[in-house]
Amino acid sequence: MDSNSTDNTVGIVRELGFAVENFDWDGRYPKKKQWQLDNLVTKYKWILFIDADETPTNELVSELWKRCDELESGRFSAYDIELDYVFAGKQLQYGHRVVKRALVQRGEVSFPVINDLNAPGMGELEGHYQPVSKGDVAALKGRIRHDDKDPVHTWFERHNKYSEWEAYLRTHPSVKKDAAARRSVQGRLFDKVPLKPLVFFLYAYLIRGGFRDGRAGFDYAFALSSYYWQIGMKVRELERQNAVN
């Protein structure tokens, strides 16, 4: 699945014998992942969402083979998978860990539709929420390796855009309520935590043992803490502008 990329990704994929579909966003819903679920024809009913910088680990592949009967039975509608995150060239073993609902059964999940089309930051991508499942959800032990090869400045550029989206949601009550309903229980609780950047850093670096990953562990915890600080700054700026208007 491509969306108007300008490098040689499409050529490489086609040389390897795979089909490529292009997604040209029209500014409305469905966005990119839901469009794929609605429109792409696939051989199997199970879809594994992975980005260009993500790879299934050998452990995940082996686990999926072992669960073939379970997948065929349709007992679960989706599976949550943890990420092995590589930051500053090092695979992190500790600290904050991202979980994605990445393995989904076609027709059994859908991405939420919220009123964020006027929000900056996300564009064609669904926001930071999980797809909603009609049936039960299980967790897999195998992981997806997330290894972004781009320079670190691109991480900050992406999160600068993401923070624009988050700040918009937090300053538009109807959208905020809609988005909050789509978050996990943990996500809703964390939204209410005061001094969020400091709390997150202490949680990720000390409680979750990020310090055991050395300098990369500190950099990752500090970078994400700064991301929450950035959201807070933008929220306060928007609130001041709204008060004036």
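Rules of the game
- Residues numbered from 1 in each chain as written.
- Predicted model: local features only at pLDDT ≥ 70, side-chain atom pairs only at ≥ 80, totals over all residues.
- Heavy atoms only, no water.
- Phe/Tyr/Trp six-rings, centres within 6.5 Å; stacked < 30°, edge-to-face > 60°.
- Helix = DSSP H or I, 4+ residues; strand = E, 2+ residues; numbered from the N terminus.
- Buried < 20%, exposed > 50% of the residue type's maximum accessible area, 1.4 Å probe, protein only.
- Lys NZ or Arg CZ within 6 Å of the ring centre and 35° of its normal.
- Salt bridge = Lys/Arg side-chain N within 4 Å of Asp/Glu carboxyl O.
- Axes fitted to C-alpha atoms, helices over the stretch in contact; angles between N-to-C directions.
- Parallel < 35°, antiparallel > 145°, perpendicular 65-115°, else oblique.
- Left-handed = near helix turned anticlockwise from the far one by under 90°.
- Contact = heavy atoms within 4.5 Å.
- Nonpolar A, V, L, I, M, F, W, Y, C, P; charged D, E, K, R; others polar.

Caption draft 1: Geometry of the packing of aromatic side chains. Considering all chains together, one arrives at 18 aromatic pairs under this definition. Judged by centre distance (5.9 Å) and plane angle (80 degrees), the ring pair of Phe-49 and Phe-111 falls under edge-to-face. In this pair, Phe-49 sits in the loop between β1 (46-48) and β2 (54-56) while Phe-111 sits in the loop between β6 (109-110) and β7 (132-133), placing the two residues 62 residues apart along the sequence. Each member of the pair Phe-49 and Phe-111 is classed as buried. Where Phe-218 meets Phe-222, the ring centres are 5.7 Å apart and the plane angle is 15 degrees; that geometry is what we call stacked. Within this pair, Phe-218 and its partner Phe-222 are both found in helix α9 (residues 214-244), separated by four residues, close to a single helical turn. Phe-218 sits in the partly exposed class, given a relative accessible area of 29%. The partly exposed category is assigned to Phe-222, whose relative accessible area is 45%. Chaining the aromatic ring pairs together yields one cluster made of Tyr-85, Phe-87, Trp-155, Phe-156 and Tyr-220. Directly above the ring of Phe-49 sits Lys-33, whose terminal nitrogen or CZ lies 5.6 Å from the centroid.

Caption draft 2: Looking closely at the pattern of salt bridges. Within the structure shown, the criterion is met by 19 salt bridges. Between Asp-84 and Arg-97 there is a salt bridge, with its nearest N and O atoms 3.1 Å apart. In this pair, Asp-84 sits in strand β3 (residues 78-87) while Arg-97 sits in the loop between β4 (90-91) and β5 (99-105), placing the two residues 13 residues apart along the sequence. A network of salt bridges, in which partner residues are shared, links Glu-63, Arg-67, Glu-70 and Arg-75.

Caption draft 3: Spatial organisation of the packing of helix α5 (residues 152-170) against α9. Relative to each other, α5 and α9 sit at 40 degrees, their axes nearing to 8 Å. By the criterion of interaxial angle, the relationship of α5 to α9 is oblique. The way α5 lies across α9 gives a crossing that is right-handed. When α5 is examined against α9, the residues Trp-155, Phe-156, His-159, Asn-160, Tyr-162, Ser-163, Glu-164, Glu-166, Ala-167, Tyr-168 and Arg-170 are found in contact with a partner set consisting of Ala-223, Leu-224, Tyr-227, Gln-230, Ile-231, Lys-234, Val-235 and Leu-238. A breakdown of the residues in the contact of α5 with α9 according to their chemical character gives eleven nonpolar, four polar and four charged.

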